[in-house]
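Next come the chains, spelled out residue by residue.
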Amino acid sequence: MQNKNLFHYILGIADNSLILGQRLGELCGHGPSLETDIACTNISLDLIGQTRSYYQYAAKISEEDKTEDDIAFLRLEREYKNVLLVEQPNKHFGYVMGRQFLFDVYHLMLMQELQNSKDETLVAIAKKGIKEVSYHKRFSTDWVKRLGDGTEESNQKMQEAIDGLWRYTDELFQLTDADKAMVELGVGVDVSKFKEAYYTEVTEVLKEANLTIPESKYFTSGGKKGVHSEHMGYLLSDLQYMQRTYPNMKW
Amino acid sequence: MSNNNWPLWEVFVRSKNGLEHRHFGSLHAADADMALENARDVYTRRNEGVSIWVVESSNITASNPEHNGELFEPAQDKVYRHPTFYNLPDEVKHM
Amino acid sequence: MSDEQVKSLEEIFEARIARDEKIEPKDWMPEKYRKTHIRQISQHAHSEIVGMLPEGNWISRAPSLRRKAALLAKVQDEAGHGLYLYSACETLGISRDELYEQLHTGKAKYSSIFNYPTVTWADMGAIGWLVDGAAIINQVPLCNTSYGPYARAMVRVCKEESFHQRQGFEIMLKLCNGSPEQKEMAQDALNRWWWPSLMMLGPTDAESVHTEQSMKWKLKRKTNDELRQQFIDQTVPQADLLGLTIPDPNLKWNDETGSYDFGEIDWDEFWQVVKGHGPCNKERMDARVGAWEKGAWVRDAAMAHAKKKENKKLKEAV
């Protein structure tokens, strides 16, 4: 493959959308109210839409006879490059909104920068995605505030979620070799440079939400290199079930 | 079971600029921001709108149908408010 | 109000409906009209919400991204339809929470078809094709029902529903044009969903308690048996097109009636499921009650936060 780095760079972004979209999809029909079910499904649909655009592009440049679905469903766990944050389970609604918020703040920054990429396809995807992601961020921010600054119980639960998810945030700003190569070419975004802005923004919201910023300086990473948490295998066995059980069929 | 129920809101949507907001339906939300977000997700997911109003249902004052006689029937025979009440010769066009 | 006054109001009311006038929430209505409507609209809303579960079961396992998105959008629509219908029901003076309470305690019913399990991907096709097909036959006449909020909700529901059945049929078509395994999967799904779909249109006219009154109030335009016949007549040719066999050895075209004759429906099974002893009644209720209970702290938090914000605004204004 000539564009190997570009291919991997795209997957690095797209896999986050796929896995988070998958997690939100699991929630459909089980949320705290009909209205929130509809809202979370909308976010899931946006993410899956983005995923398809990225994978279609990746399939095109792969120079192999691949489809978006081959990329989505037929890789080994070690080949998925999403961050650990997005694969974390829907432990309760506080986790769902916390995970969403911690990802959305990053995601919007990424989309904004990606608009300046030298790659036209990525620019087009980012331009469309930016509106969706802005809304996701508004939605999850509002909910973090509601739950943080709601009742005593909700404050505890939201704090528990933030504490539990915090250690996955640092990975968002790490660069893989493919990322670095793409940054060099002016195609990729150097995510490490908005780390400070990210924590400033997140801290502000958490404070407003009456939540404590976790003090731990210990972070976990690995997803970007394909080393995932134990949750990932189960997520993939759902995601890949049909394609693995009935190989080479059209649906 | 909790008695802390989210109140009901009425949703009005402008389908495109130039048209008025029209009542689309209702939903539940804890506050106005949430009502707007929910309205967007519930009532405009097929591209139905460019602007949304939400108002808490309890803030709407409605006329009582029992008073419909006194409220609306007196307007029925005021035919002189309508252009067709006036007889003009056919020669007068465009009036 | 004296009995005589009520009687004359009732006569005026029935005459309005007979003239095809719509009844609106604040209009006077007989208590029975209100109760019947609460029962039917909420039953309809509950069916949408419980109906999310069997299909929701396959969202995480959909075989392609395109199918995943379509299924998500469809299940989301069902949530939307439940919401429209609960809202219509609320105009009759009952809250959504009370309606949920009725569902969760088993006091309210929902369509019994959702108590069957979805065991293969083909079930997503069969549900869209057959269950939504039967639902549409039931629902289209309701766009013209006498109670304004219900009629308006149904107009919206029917408009959105039109993609659901096509989505299901397309899934079936793809399976039937696919490998022998896929075709077998489709036939198996038809075998399992055919009879429950026929039952979904309700007990036979002889057994149906509500039909006459419902006809008068335009809650029903055709009897259950007429709707069932319509469903069969429109579905059999579609099965032919797919190359699938309807699992009824007695199904036969009748030149005289211009319709299909069909075999005996197992009404014992129907009543067993309605009474709560179907394959998934318990699972469906557990899922609904579980979601509601697990969400209580979230709903409470949102209200508490809204009050805090309100108080803050008031303080700032002083």
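Above this text you will find the structure in question.
Criteria and cut-off values
- Residues numbered from 1 in each chain as written.
- Chains lettered and ligands numbered in written order.
- Predicted model: local features only at pLDDT ≥ 70, side-chain atom pairs only at ≥ 80, totals over all residues.
- Heavy atoms only, no water.
- Helix = DSSP H or I, 4+ residues; strand = E, 2+ residues; numbered from the N terminus.
- Rg over C-alpha atoms; globule rule 2.2 N^0.38 Å.
- Buried < 20%, exposed > 50% of the residue type's maximum accessible area, 1.4 Å probe, protein only.
- Contact = heavy atoms within 4.5 Å.
- Areas by Shrake-Rupley, 256 points an atom, 1.4 Å probe, with all protein chains shown as cover.
- Lys, Arg positive; Asp, Glu negative; His and termini not counted.
- Charge placed at Lys NZ, Arg CZ, Asp CG, Glu CD.
- Axes fitted to C-alpha atoms, helices over the stretch in contact; angles between N-to-C directions.
- Parallel < 35°, antiparallel > 145°, perpendicular 65-115°, else oblique.
- Left-handed = near helix turned anticlockwise from the far one by under 90°.
- Nonpolar A, V, L, I, M, F, W, Y, C, P; charged D, E, K, R; others polar.
- Buried area = accessible area lost by both parts, 1.4 Å probe.
- Salt bridge = Lys/Arg side-chain N within 4 Å of Asp/Glu carboxyl O.
- Polar contact = N/O pair within 3.5 Å; in protein donor to acceptor, adjacent residues only side chain to side chain.

Turning our eyes to something else, we now look at the overall build of chain A. In terms of regular secondary structure, chain A is built from 11 helices and zero strands. Reading the secondary structure of chain A in the N-to-C direction produces α-α-α-α-α-α-α-α-α-α-α. Relative to the globule expectation of 18 Å for 251 residues, the C-alpha radius of gyration of chain A, 18 Å, shows essentially globular dimensions. When each of the 251 residues of chain A is scored for burial, the buried share is 62%. By sequence separation, contacts in chain A at least 24 residues apart represent 80% of the contacts at least 6 residues apart. Summed over all atoms, the accessible surface of chain A reaches about 10,200 Å², with 48% contributed by carbon and sulfur. Between the centroid of the 29 positive side chains of chain A and the centroid of its 38 negative side chains there is a distance of 3 Å.

Residues and elements named next belong to chain C. Where helix α3 (residues 65–90) meets helix α6 (residues 148–176), the axes come as close as 10 Å, and the angle between the chain directions of the two elements is 160°. Overall, the two elements α3 and α6 adopt an arrangement that is roughly antiparallel. Pair α3 / α6 crosses with left-handed handedness. Broken down by class, the residue content of the contact of α3 with α6 amounts to 13 nonpolar, three polar and nine charged.

Turning next to the interface of chain C and chain A. Counting from both sides, the interface comprises 47 residues of chain C and, opposite them, 47 residues of chain A. Across the chain C to chain A interface the summed buried area is about 4,000 Å²; carbon plus sulfur atoms make up 69%. Taken as a group, L65, Q76 and W297 of chain C account for 20% of the area that chain C buries against chain A, more than any other trio of residues on that side. Between K308 of chain C and D149 of chain A there is a salt bridge, with its nearest N and O atoms 3.0 Å apart. Applying the counting rule to chain C against chain A returns 15 residue pairs in polar contact (both at pLDDT 80 or more).

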